[in-house]
Structures are given as structure tokens and as C-alpha cells.
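A closer look at the structure
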Amino acid sequence: MALIKCPDCGKDISSNAPNCPNCGRPMAAFSGKAVQTQRKGGKYEAAGFVLIVVGIVVCFVSSVVGGLLIFVGFATFIAGRFM
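Residues numbered from 1 in each chain as written. Predicted model: local features only at pLDDT ≥ 70, side-chain atom pairs only at ≥ 80, totals over all residues. Heavy atoms only, no water.

**Regarding the overall build of the protein**
Assigned secondary structure in the protein consists of 2 helices and 2 strands. Each helix (α) and strand (β) of the protein, taken in turn from the N terminus, gives the series β-β-α-α. A separation of at least 24 residues holds for 26% of the contacts in the protein among residues at least 6 apart in sequence. For the protein, the exposed area adds up to about 6300 Å²; of that, 65% sits on carbon and sulfur atoms. (Helix = DSSP H or I, 4+ residues; strand = E, 2+ residues; numbered from the N terminus. Contact = heavy atoms within 4.5 Å. Areas by Shrake-Rupley, 256 points an atom, 1.4 Å probe, with all protein chains shown as cover.)

**So, the confidence of the model for the protein**
Mean pLDDT for the protein: 81, with 84% of residues reaching 70 or above. Model confidence for the protein, summarised as mean pLDDT per element, is weakest for strand β1 (residues 3–5) at 83 and strongest for helix α1 (residues 42–59) at 89. (pLDDT = per-residue confidence, 0-100.)

**Remarks on the pattern of salt bridges**
A complete count under the given rule lists 3 salt bridges for this structure. As a salt-bridge pair, K5 and D12 come within 3.2 Å of each other at their nearest N and O atoms. Among the residues examined, D12 registers a relative accessible area of 45% and is labelled partly exposed. The shortest N-O distance in the salt bridge between D8 and R25 comes to 3.3 Å. (Salt bridge = Lys/Arg side-chain N within 4 Å of Asp/Glu carboxyl O. Buried < 20%, exposed > 50% of the residue type's maximum accessible area, 1.4 Å probe, protein only.)

**Notes on α1**
Taking 1.5 Å per residue as the helical rise, α1 with its 18 residues ought to reach 26 Å, and the 26 Å between its terminal C-alpha atoms agrees with that figure. All of the buried residues in α1 are E45, G48, I52 and G55. Angularly, the buried residues of α1 cover 85° about the axis, an arc narrow enough to put them on a single face. Projecting away from the buried face of α1 at angles above 90 degrees are the exposed residues K43 and V57. Against α2 (63–81) lie the buried residues of α1. (Expected span 1.5 Å × (residues − 1). Arc of directions from axis to C-beta.)

**Focus on the side chain of E45**
For E45, the position within the fold is in helix α1. A polar side-chain atom of E45 sits 3.4 Å from a polar atom in the side chain of R81. (Polar contact = N/O pair within 3.5 Å; in protein donor to acceptor, adjacent residues only side chain to side chain.)

**Digging into the packing of α1 against α2**
Between α1 and α2, the shortest axis-to-axis distance is 7 Å and the interhelical angle comes to 165°. On the basis of the axis angle, α1 is roughly antiparallel to α2. Crossing angle aside, the handedness with which α1 passes α2 is left-handed. Residues that form the contact of α1 with α2 fall into these classes: 14 nonpolar, 8 polar and 2 charged. (Axes fitted to C-alpha atoms, helices over the stretch in contact; angles between N-to-C directions. Parallel < 35°, antiparallel > 145°, perpendicular 65-115°, else oblique. Left-handed = near helix turned anticlockwise from the far one by under 90°. Nonpolar A, V, L, I, M, F, W, Y, C, P; charged D, E, K, R; others polar.)

Structure, rendered in C-alpha cells:
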């Protein structure tokens, strides 16, 4: 018997436990190594956020270009959110 970390709550539990006693996550399919998944949309979210901020600043000079940048930034941010 070894102690492993629950991927959901991070508590130490027995490797023989059928589920985590702290959060109830089933451990049958858990091999002992936590699998970290990274969403692919993080870069798009960041780029969208930067475009929104730049668009707000540009709005003080040209409302048309600034509005367009805000729109494109918002669309990029939302697209990255769902990736």
C-alpha cells in the first residue's frame, strides 16, 4: 500500500482505496500519476485580453479603430475560452 495524491482535492490517500474519502472521486481508473491537462486556448485568451486593453486605449484616439480592436479581442478571448 502506498500513499498517492487525489487529483481533485490533493489529499494523500491509500492506493488501494476505491474512492477518495475526502472528496469522493473514484480511484479505479487512477494509475497513481496525476495527469495535468492544459487547455489550448490560454494563448488566445491572453491575446484577446491584450487586444481589448489596446482597443480601450486606442478608443481615446479613434473610436472606430478602438472599437474594432475591442470586438476582435473579445471574439479572440471567447474563442480561446472554449478551446
